[in-house]
Amino acid sequence: MEDSGRFLLENLIKLTRSSENKFKRGNFKGALEDKIKANEILKSKSCDEKMIQKYRKELSSLYSSKFDLIFDHKLKIDEIKINEIVKMLESKSEEKLKNLDYRGAIKALRRAEKYISN
């Protein structure tokens, strides 16, 4: 059981890094596909809270920046508001995907991840 959890976490991290690399190279559709796969794994019943916390820690290191307005904003709002923002950004991403705006869709998902990172 522990091995499967570690495998899932490694897979999540690989997909997230792959998505980030594809985004930086301008492959927005590929980045979005990897991000969607990662989100499916996160929302599956196989992920427990401990794994989600480790994933959030990885996101924090991936998205760390000296000037991070989202981090500053997170300090001033509560968990309920953060969840509302994340849901709004995820629905915005779905809307952009329906319009085949891959760049807009991946940007919204990346922004949502910044809100859930530690």
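Refer to the preceding data block for the structure.
Residues numbered from 1 in each chain as written. Predicted model: local features only at pLDDT ≥ 70, side-chain atom pairs only at ≥ 80, totals over all residues. Heavy atoms only, no water.

Engineer: Would you take a moment to explain the layout of surface pockets for this structure?
Structural biologist: Unfilled space is identified by rolling a water-sized probe across the atoms. Volume-wise, the largest pocket comes out at about 360 Å³. What lines the largest pocket is a set of 15 residues, and nearest its centre among them are Lys43, Arg56, Val86, Glu90 and Ile116. In the lining of the largest pocket, the residues fall into seven nonpolar, two polar and six charged. (1 Å grid on protein atoms, 1.4 Å probe; cavity = no way out; pocket = protein on both sides within 12 Å on 5 of 7 lines; lining within 4 Å. Points joined across faces, edges and corners; volume = space filled by probe spheres on them. Nonpolar A, V, L, I, M, F, W, Y, C, P; charged D, E, K, R; others polar.)

Engineer: I tried to follow the environment of Gly30 on my own but got confused; where do I start?
Structural biologist: By the element assignment, Gly30 lies in helix H2 (residues 28-43). We classify Gly30 as buried; its relative accessible area is 7%. Along the backbone, Gly30 and Arg110 are 80 residues apart, and their C-alpha atoms lie at a distance of 14 Å. (Helix = DSSP H or I, 4+ residues; strand = E, 2+ residues; numbered from the N terminus. Buried < 20%, exposed > 50% of the residue type's maximum accessible area, 1.4 Å probe, protein only.)

Engineer: Would you mind showing me how to read the packing of H2 against helix H6 (residues 102-116) here?
Structural biologist: It is at 9 Å that the axes of H2 and H6 come closest, and there the two elements cross at 40°. Between H2 and H6, the angle falls in the class oblique. Crossing of H2 against H6: the hand is left-handed. On H6, the residues touching Phe28, Lys29, Ala31, Leu32, Lys35, Ile36 and Asn39 of H2 are Tyr102, Arg103, Ala105, Ile106, Leu109, Arg110 and Glu113. Of the residues contributing to the contact of H2 with H6, the split by class is eight nonpolar, one polar and five charged. (Axes fitted to C-alpha atoms, helices over the stretch in contact; angles between N-to-C directions. Parallel < 35°, antiparallel > 145°, perpendicular 65-115°, else oblique. Left-handed = near helix turned anticlockwise from the far one by under 90°. Contact = heavy atoms within 4.5 Å.)

Engineer: How do you make sense of the nonpolar core when you look at a structure like this?
Structural biologist: Across soluble globular proteins, nonpolar side chains show a tendency to be buried alongside one another. Judged by nonpolar contacts, the single largest core of 13 residues is most densely connected at Leu12, Ile41, Leu42, Cys47, Met51 and Tyr55. Contributions of two or more residues to this core are made by helix H1 (2-25), H2 and helix H3 (49-62). The element that contributes the greatest number of residues to this core is H1, accounting for five residues. If sequence neighbours within four positions are ignored, Leu12 has contacts with Ala38, Ile41, Leu42, Cys47, Met51 and Tyr55. (Core = buried A, V, L, I, M, F, W, Y, C linked by side-chain atoms within 4.5 Å.)

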